Amino acid sequence: MEILRIPRIMQETSKRLIQQGKSIGFVPTMGALHNGHLSLLKRARDENAVVVASIFVNPLQFGANEDLNKYPRDLEGDIEKLKAEQTNILFLPDAKSLYPDTFQTYVSVSELSEKLCGAFRPGHFRGVTTVVNKLFNIVKPHRAYFGQKDYQQFVIIKKMVADLNMDIEVIACSTIRENDGVAMSSRNIYLSPDERKAAEIINKCLLFASQSLQSGESNLSAIKQRMSDMLKGEPLVSEVQYAGIYDPDSLDELKEIKRQNLLAIALKIGNTRLIDNMLVDIL
Ligand code: PAF
């Protein structure tokens, strides 16, 4: 695996690969890789001649009181995992090379970025779309892979790619869960054993709502109320930011059930913010 740190060298490498007719699959990450990331790398490996991963903890997507400084980092472990997944290139830029002092251009998907997590993390998605835009321009992928756990991020990036006529296929891969149903996330490491156990309530709540929809329950406000009661009933849940049933395209709260429905939850256990979601198809 080659490790490239300088944006211009990554860009020239990608141009050369494209001239050679090779397809590039790209997995952007912030490191602290877990099995969720590895599933994206496997899919990229299956579908492309060359797999590029990036590791960059993007300061622009963290709010002033968020966890930028304590975000988990494990470069050595990540490199081993990337090699085991036969990643061809790791793009490993530093903050100065992506955001020099003169940097002043931002990309924002206006409406979608204000909803759900956007209401609780002002500026977060502008940070994500700005860095992903830059990474796309540098890595020049044919396909880019994102986890469905961050469903809103996936929808926003897809919208950016469509609105800006970027010739990139944006692919969402299923959420990978631990045996107890908790979605894999780099932030799970912050949880104490008791908090980790309490996190099981999130998937239980999603499964309850999914089964309710699938068994024909059409009273969405009753399901939403029950979701909220379940989450608030867990003593270690310190704040429920949202929990409900949304339109998977607009991310607006649904009044009536659709063919495809998004269940989404964001909450805090202690000081750790966790999100999870599930798409439910009604046949
Ligand atoms: O999902 C993430 O890890 C990040 O938001 C991303 C897409 C790598 C951008 O920094």
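Residues numbered from 1 in each chain as written. Predicted model: local features only at pLDDT ≥ 70, side-chain atom pairs only at ≥ 80, totals over all residues. Heavy atoms only, no water.

Colleague: Sorry, what's going on with helix α3 (residues 75–84) here?
Modeller: Considered for burial, the residues of α3 that qualify are Gly77, Asp78, Ile79 and Leu82. The inward-facing, buried residues of α3 abut β1 (2–4), α2 (35–47), β3 (50–55) and β4 (89–91). Gln86 sits one or two positions beyond α3 and adopts a positive phi of about 55 degrees. (Buried < 20%, exposed > 50% of the residue type's maximum accessible area, 1.4 Å probe, protein only. Helix = DSSP H or I, 4+ residues; strand = E, 2+ residues; numbered from the N terminus. Contact = heavy atoms within 4.5 Å.)

Colleague: Would you mind going over the site of the ligand with me for this structure?
Modeller: Around the ligand sit Pro28, Thr29, Met30, Asn58, Gln61, Val131, Val132, Phe146 and Gln153, and those are all the residues in its vicinity. Burial of the ligand by the surrounding chains reaches 89%, relative to a free accessible area of 290 Å². Of all the secondary structure elements, the ones that give two or more residues to the shell around the ligand are β2 (24–29) and α6 (124–139). Class assignment of the residues belonging to the shell around the ligand gives a composition of five nonpolar, four polar and no charged. (Near = heavy atom within 4 Å. Areas by Shrake-Rupley, 256 points an atom, 1.4 Å probe, with all protein chains shown as cover. Nonpolar A, V, L, I, M, F, W, Y, C, P; charged D, E, K, R; others polar.)

Colleague: Any chance you could explain the sheet that holds strand β5 (residues 143–147) here in plain terms?
Modeller: Strand pairing in a sheet is mediated by backbone hydrogen bonds. Such pairs are either parallel or antiparallel. One open sheet accounts for six strands, arranged β1-β4-β3-β2-β5-β6; its pairing is parallel. The open sheet terminates on both sides in strands that have one partner only, identified here as β1 and β6 (169–173). For this sheet, the mean angle separating the axes of adjacent strands, direction not counted, is 25 degrees. Strand contacts of α3: β1, β3 and β4, with the helix running at about 170 degrees to β3, the strand carrying the most contacts. Of the strands in this sheet, β2, β3, β4 and β5 are in contact with α6, which crosses β2 at around 150 degrees. (Pairing = 2+ DSSP bridges. Axes fitted to C-alpha atoms, helices over the stretch in contact; angles between N-to-C directions.)

Colleague: What is the right way to look at the environment of Val51 in this model?
Modeller: Mapped onto the elements, Val51 comes out in strand β3. Here the alpha-carbon distance between Val51 and Pro141, two residues 90 residues apart in the chain, equals 9.1 Å. Not counting chain neighbours up to four residues away, the residues in contact with Val51 comprise Gly25, Leu41, Ala44, Arg45, Thr87, Asn88 and Ile89.

Colleague: Please explain the pairing of strand β7 (residues 237–246) as it appears in this structure.
Modeller: Every other side chain in a regular strand lies on the same face of the sheet, so the side chains alternate between the two faces. Across the 10 residues of β7, seven count as buried, placing the element largely inside the fold. As paired elements, β7 and strand β8 (residues 260–269) share eight bridges and run antiparallel to each other. Bridge pairing links Glu239 to Lys268 in β8.

Colleague: What should I look at first to understand the environment of Pro141 in this one?
Modeller: Residue position: Pro141 is located in the loop between α6 and β5. On the basis of relative accessible area, Pro141 is assigned to the buried category, the value being 4%. In this structure, the C-alpha to C-alpha distance between Pro141 and Val107, residues 34 residues apart in sequence, is 18 Å. What Pro141 contacts, discounting residues up to four positions off in sequence, is Ile24, Phe26, Phe136, Asp167 and Ile168.

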